[in-house]
Amino acid sequence: MSSNSRLQIDPSTHLPSINTFGGLSHFLRGAVADEESRQFSDGMSQLASHVEAIIASLRLNRHRTTVAPLLVDFLTVLRGHRHVVVALGLPWRGLYEYAAYLQALNNFRVLIGQWLLDGGPRSVDLLLTAEDFELVAWRTLGEGMLLIDMYEQWMAREPQPPEHSGLAALEQPQVERALNWWKKLRL
């Protein structure tokens, strides 16, 4: 991870570390480089708060009548956040992490659908455990944190001087010769 990362570095591993959903919320509150960042961070915060509620519910019991409505509500929030992600501008979409996060959101949505269907509608308990849900949630939200961090690092870079074409760097007689050569080549 680059030294200008906003993620806290664990001194024992020298790796970035966020271990709680509260830590994630703290990270997201600071991730407001621009309006798109704010919308993205707000969406991730909503996801994190729903994840926390679902995990707490699953730890109490896995009754379908209790947990399934939470998962369906979470699907709605997930879809809304995905729409925000898809609408992000070119600087976001140009990052490698963008595609990875979008894929993680899609995978999470598919898994939730499978968890809701597992065991059939007549089963009393969902087969989903708090640990399984938490694992997928951390993976998905981690991809989003990485995307934010990489976007902010990209935004913080010094503006690069505009690239000049080879013709712009040439003196006028050289430009004329190059244009004449090009015209002959096209004939």
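Located above this text is the structure these notes cover.
Residues numbered from 1 in each chain as written. Predicted model: local features only at pLDDT ≥ 70, side-chain atom pairs only at ≥ 80, totals over all residues. Heavy atoms only, no water.

1. Observations regarding the overall build of the chain
No. 1: Across its full length, the chain holds seven helices and two strands.
No. 2: Of the regular secondary structure in the chain, the N- to C-terminal order runs β-β-α-α-α-α-α-α-α.
No. 3: Residue pairs at least 24 apart in sequence account for 73% of intrachain contacts in the chain once pairs closer than 6 positions are excluded.
No. 4: Of the accessible surface of the chain, which amounts to about 11,700 Å², a share of 57% is contributed by carbon and sulfur atoms. (Helix = DSSP H or I, 4+ residues; strand = E, 2+ residues; numbered from the N terminus. Contact = heavy atoms within 4.5 Å. Areas by Shrake-Rupley, 256 points an atom, 1.4 Å probe, with all protein chains shown as cover.)

2. Observations regarding the pattern of salt bridges
No. 1: Taken as a whole and assessed by the stated rule, the structure comprises four salt bridges.
No. 2: Between Arg59 and Glu134 there is a salt bridge whose closest N-O contact spans 2.9 Å. Remark: Glu134 occurs in helix H6 (residues 130–156) and Arg59 occurs in helix H2 (residues 35–60); sequence separation between them is 75 residues.
No. 3: Residue classification places Glu134 among the partly exposed positions, given a relative accessible area of 22%. (Salt bridge = Lys/Arg side-chain N within 4 Å of Asp/Glu carboxyl O. Buried < 20%, exposed > 50% of the residue type's maximum accessible area, 1.4 Å probe, protein only.)

3. Some remarks on the packing of aromatic side chains
No. 1: If you walk through the whole model with that rule in mind, you get eight aromatic pairs.
No. 2: Consider the rings of Phe108 and Phe133, whose centres lie 5.4 Å apart with planes at 45°: the pair is tilted. In this pair, Phe108 is assigned in helix H5 (residues 96–117) and Phe133 in helix H6, connecting sequence segments 25 residues apart. By the burial criterion, Phe108 is buried, and Phe133 matches it.
No. 3: Through a chain of ring-to-ring contacts, the aromatic side chains of Phe40, Trp92, Tyr101, Tyr151 and Trp154 assemble into a single cluster. (Phe/Tyr/Trp six-rings, centres within 6.5 Å; stacked < 30°, edge-to-face > 60°.)

4. Structural notes on the packing of H5 against H6
No. 1: Between H5 and H6, the shortest axis-to-axis distance is 9 Å and the interhelical angle comes to 160°. Between H5 and H6, the angle is such that the two are roughly antiparallel. Considering only the axes of H5 and H6, their crossing is left-handed. Contacts between H5 and H6 involve Glu97, Tyr98, Ala100, Tyr101, Ala104, Leu105, Phe108, Leu111 and Trp115 from the former and Asp132, Phe133, Val136, Ala137, Arg139, Thr140, Glu143, Gly144, Leu146, Leu147 and Met150 from the latter.
No. 2: Residues of the contact of H5 with H6, tallied by class, amount to 14 nonpolar, two polar and four charged. (Axes fitted to C-alpha atoms, helices over the stretch in contact; angles between N-to-C directions. Parallel < 35°, antiparallel > 145°, perpendicular 65-115°, else oblique. Left-handed = near helix turned anticlockwise from the far one by under 90°. Nonpolar A, V, L, I, M, F, W, Y, C, P; charged D, E, K, R; others polar.)

5. Quick notes on the packing of H2 against helix H3 (residues 64–86)
No. 1: Where H2 meets H3, the closest approach of the two axes is 10 Å, and the angle between their N-to-C directions is 165°. Judged by the angle between their axes, H2 and H3 are roughly antiparallel. When you trace H2 past H3, the crossing you get is left-handed. Counted together, Gln39, Phe40, Gly43, Met44, Gln46, Leu47, His50, Val51, Ala53, Ile54, Ser57 and Leu58 of H2 and Thr66, Val67, Leu70, Leu71, Phe74, Val77, Leu78, His81, Val84 and Val85 of H3 form the full contact between these two elements.

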